Amino acid sequence: MNVHKLWEYREYVNINGMMLTSELISLLQNSLTLLQIENHFTHVQYWGQLYAIDADYHIACGITGDAIADRKYFYTTDFKFWGLLPKPKRKYKLLSLITTFPFRGDPALKIKVLDEALEDNHPDKCRLMKEESRLAATISNISDEAEICARGQLIQQPDGCVVINPNYYGLTAPEAKLLKSYLHIRQPQQRWNTNLLTRQDYNYSMDFLDSIDQDIPSGCWSLSLEKSGSVAYLRSLYWPGMTFFHKVRTPDAGFLYVGNGRKNMDVPFLL
Amino acid sequence: MSQTFLLEPDIIAATENVMPDLNNDLVMAKNFLKQQSAATGDSLYDHLVDVVHKILSQKPPDIVDQFEQYSWEVKREKFRPNFDLLNDIYLAPPQLAIVRRLDEMFRLIASKNQKLEDMGEEEQELDLEEDSTKARVADLIEHNYYFREGGYGLPDSECYALYIALQMLAIKEPVATVRFFGKIYGTRSNYYIAETDLTIEELDRRIREFEMKDMPGEGEGLEEAHPQEVEEQKELSDNTEFHKVGEGEAREEKPKEPVPPKLPPEPVSTWQPPPPIPVERPGQGVNRKVYWVCSQPGEQWICLPDVTPEQLRVARLTVRCMTGDLDAEVLTFPPFEGTERNYLRAQVARIAAATSVSPQGFFTYGSGEEEEDIDLEEGAGDLAFNPNPFYQGHTLKDLLDPDLTYWVHHGRYILKQGRTLWWNPNADMEEGVEEEEDEGPPPVAPELGPALFTSLAEDARVEGVRAWAARGSSALAAERALATLRSALWPGAVAYATTGKRSECMYIGWGLKLQLPNFSPLQLPRPQDEYLIGPEVMEMADPTFADEEAYRIAHLPPPPPPELPGEGEGFGEEEEDED
């Protein structure tokens, strides 16, 4: 969510009972604006919050040029110092999925992860992982699977650069009821024309991303229109706590993650 | 012609002049631009005029970067279909249905308030009685304010409508107290849940109904009926067996029909269901509170049925999302008896039992009339409690203590049985001695859960870490700060307590418990043995050719002349049958 619009969005965001307090918004706007200036970001987004035992992590995302490729994630526990998250390694992305231990709130903490699928004497049975790496890996996992935007919010320019659409006017009410109108913010994993071929009003500059209606199983996103149909909410069942909201026919849209950073593997049983 | 550019009439006049010059080129170009497209009847000239006009009138920034989009929008505006026929029809905004419902609710509350006011003016001395008839509604707006301070809660718009809806519940239904329990998300719509105590009359009525429906003797009667039925079935199956054999004998004369082999009697299940655990009566244990549910403020509140121990047991063994439809089927293993409304009620009971927390001393054992009744019936353990009038509040430091010793549960622990009060399955030993033989020693140790008002410090831990996280609401404005508590076991369950006398808990979430590492469905029970273990059902190695040959040679009849192939085969068949 755009940091500079948090005051307007606070009434729309409610994730498992969590709402933004005035103090949190003030702290975020102050510290993230400073962060934006230091790093020359064109956009700064508040990404969400990861529950930890001692102090919760707050995550922000800065965008310089390309809205998909040039994303940098920052974390903090006290709003005084925002640390740049390291690039997630594939090894840690896999390990973080099998870690059940909650986050501690100390980025330097080293935790042991036991891979129970391996045999007892296997050298990789017990791995060490720094909490910072785990945080980066978890956020990367969530971003890949559950970061979404409304169709048209991101557009690809003819030179291939993806930008946040400055003239976005929002989805119409019928469009907002379709899962097809929401796209993953990630490098597309489907073929480039998958999305184009499945819709009649295709648009090369908008439909270059994967739409979420292809996620498996169908129903892993819960779409609901609330406030008498004027706000669309999308909640991910795989990552409980990931919520996307979009005010119909306005440019207001954004996602926020608030949760314990654990993927819910029980989705097939839930539906 | 000293002018370089001409006005339009001049240009048109100039077209007659076909000599190559600048004006002629201009005219040619303009004509080209004015060519109408066959499909749309539009020309580029008009389009450019429109685009430039739009840009100049709207003056957007950085137009050169989004020029294509502008052009596209202009085109789209032009192709707006013209629904002449529908021009006079007014399309109502989509909010209409909800507004109607809310409006009805507001009117009801307003008229009720008006009536109360009139009554109050007339007979002021009857105030006391009025207080007793009017339900007490917990002040959701105020609680929500504190929740919002702590970073949780509901949006204001939702909160206000909900508060009025709770008032409506208090007016329409026979309830004595109303409290907002929480919100449970569903895949199609969400549930708002209100927690109420019934009025004494209504409670009595329900207890009478409950006793009529569910006489204590009835369960045992069913029990006894079961073995009889089983025996009957056995007899029946035996009979059919005889029949079959008899038929087989009768058909013997018919050629080619293979003689059905003599089958052993059909196996009969020896499994007997454990005695059903009796349901706790309304107003007691897990059914102490009555829950009402609606999916939109303003809708009719629907009463959730009482929960049974069996439902709680199954709900603990399964995971499922709510759909938002109270009559939706619940497909789980083990099978869940009831629809989603029963499932929702079971989950609410579990959540209420696990996540009702308050600061120490906030509630105290009260002394109401109901409590004594219960005591007489069931013994201790189901005492009523009331807000403590002498509660003074704790300091923020105490409330935020990571050991959580200043927070206590005020939800009754649900035992494994699915009741809060332990029920002794061997209470009526005299009648059921035979049944209990296989259960083990008759005196069963009573299950004991933690007592009411047990400190959170004694809660089970999640991965060795406390299941609750306490947070202060503010670091900057310390004098306004309050403490919030968040459950890790039931994501979405929160509670707050101010340093003063306010505290409340709420649940907003999917109604799912955290299960580490993840949920694994219940294993199917081991299949029962159909037959007693004996040579006929035991698995053994097939005889090899060498074995059969040895057997044949050993059993060769002494006179060598012609071999009897039938005999050898017969032996072989018998052996196969044994397998």
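Residues numbered from 1 in each chain as written. Chains lettered and ligands numbered in written order. Predicted model: local features only at pLDDT ≥ 70, side-chain atom pairs only at ≥ 80, totals over all residues. Heavy atoms only, no water.

A. Just the overall build of chain B, in detail. What chain B contains, in helices and strands, is 17 helices and 13 strands. Burial status across chain B gives 35% buried among its 579 residues. Sequence-distant contacts in chain B: of pairs separated by 6 or more residues, those separated by 24 or more amount to 65%. Of the roughly 36,600 Å² of accessible surface on chain B, a fraction of 56% belongs to carbon and sulfur atoms. (Helix = DSSP H or I, 4+ residues; strand = E, 2+ residues; numbered from the N terminus. Buried < 20%, exposed > 50% of the residue type's maximum accessible area, 1.4 Å probe, protein only. Contact = heavy atoms within 4.5 Å. Areas by Shrake-Rupley, 256 points an atom, 1.4 Å probe, with all protein chains shown as cover.)

B. Inspection of the nonpolar core at higher detail. Membership of the largest hydrophobic core comes to 117 residues, with the highest contact counts inside it found for Leu-20, Ile-59, Leu-135 and Tyr-182 of chain A together with Trp-301 of chain B. When we break this core down by domain, the ones giving at least three residues each are domain 2 (94-129) and domain 3 (134-212 + 277-425 + 447-509) of chain B. (Core = buried A, V, L, I, M, F, W, Y, C linked by side-chain atoms within 4.5 Å. Domains from an automatic or database assignment.)

C. Examining a nonpolar patch on the surface more closely. Together, Tyr-531, Ile-533, Val-537, Met-538 and Met-540 of chain B make up an exposed nonpolar region whose accessible area comes to about 470 Å². Within the secondary structure, Tyr-531 of chain B is located in the loop between strand E13 (503-509) and helix H16 (545-554). (Patch = residues over 30% accessible without salt bridge, like charges linked within 9 Å, V, L, I, M, F, W, Y side chains within 5 Å. Salt bridge = Lys/Arg side-chain N within 4 Å of Asp/Glu carboxyl O.)

D. Molecular detail of the confidence of the model for chain B. All names here are of chain B. Taken residue by residue, chain B gives an average pLDDT of 76. The fraction at 70 or more is 76%. The low-confidence segment residues 568-579 (pLDDT under 50) makes six contacts with residues lying over four places distant or belonging to another chain. Overall fold confidence (pTM) sits at 0.77, and the ipTM for the predicted complex is 0.90. (pLDDT = per-residue confidence, 0-100.)

E. Representation of the pattern of salt bridges within the structure. Tallied over the full model, the rule gives 30 salt bridges over all chains. A salt bridge links Arg-486 of chain B to Asp-56 of chain A, with the shortest nitrogen-to-oxygen separation between them at 3.2 Å. One end of the pair, Arg-486 of chain B, is in strand E11 (residues 483-487); the other, Asp-56 of chain A, is in the loop between strand E1 (43-50) and strand E2 (57-63), on a second chain. Among the salt bridges present, the one from Arg-148 of chain B reaches Asp-156 of chain B, with a minimum N-O distance of 3.4 Å. Taking the relative accessible area as the measure of exposure, Asp-156 of chain B reaches 46% and is therefore partly exposed. Residues participating in the shared-partner salt-bridge network are Glu-202, Arg-205, Arg-206 and Glu-209 of chain B.

F. Examining the domain arrangement of chain B more closely. Structurally, chain B comprises domain 1 (9-77), domain 2 (94-129) and domain 3 (134-212 + 277-425 + 447-509). Computed over C-alpha atoms, the centres of domain 1 of chain B and domain 3 of chain B are 69 Å apart.

G. Region of interest: the pairing of strand E4 (residues 290-294) of chain B. All names here are of chain B. Buried residues dominate E4, accounting for five of its five residues. Burial of E4 is two-sided: the residues Val-290, Trp-292 and Cys-294 facing one way and the residues Tyr-291 and Val-293 facing the other way are all buried. Sheet topology note: the strand E3 (residues 191-198)/E4 ladder contains five bridges and is antiparallel. If you follow Tyr-192 over to E4, its bridge partner there is Cys-294. Taken together, the two bridges between E4 and strand E5 (residues 302-303) define a ladder with antiparallel strand orientation. Looking at E5, one finds that Val-293 is bridged to Ile-302. (Pairing = 2+ DSSP bridges.)

H. Fine view of the sheet that holds strand E3 (residues 71-76) of chain A. Residues and elements named next belong to chain A. Taken in spatial order, the eight strands make up an open sheet running E4-E3-E2-E1-E14-E13-E12-E11, and their pairing is mixed. The two strands at the open ends of the sheet, each matched to only one other strand, are strand E4 (83-84) and strand E11 (221-226). Bridging between E3 and E4 involves two bridges; their strand directions are antiparallel. When the sheet's bridge partners are listed, Phe-74 is paired in E4 with Leu-84.

I. Inspection of the packing of helix H3 (residues 44-58) of chain B against helix H4 (residues 67-78) of chain B at higher detail. Residues and elements named next belong to chain B. Contact pair H3 / H4: the axes reach a minimum separation of 10 Å and the direction vectors enclose 110°. Relative to H4, the element H3 is oriented roughly perpendicular. As for how H3 packs across H4, the hand of that crossing is right-handed. Here Asp-46, His-47, Asp-50, Val-51, Lys-54, Ile-55 and Gln-58 of H3 lie close against H4, whose contacting residues are Phe-67, Tyr-70, Ser-71, Glu-73, Val-74, Lys-75, Glu-77 and Lys-78. The residue makeup of the contact of H3 with H4, split by class, is five nonpolar, three polar and seven charged. (Axes fitted to C-alpha atoms, helices over the stretch in contact; angles between N-to-C directions. Parallel < 35°, antiparallel > 145°, perpendicular 65-115°, else oblique. Left-handed = near helix turned anticlockwise from the far one by under 90°. Nonpolar A, V, L, I, M, F, W, Y, C, P; charged D, E, K, R; others polar.)

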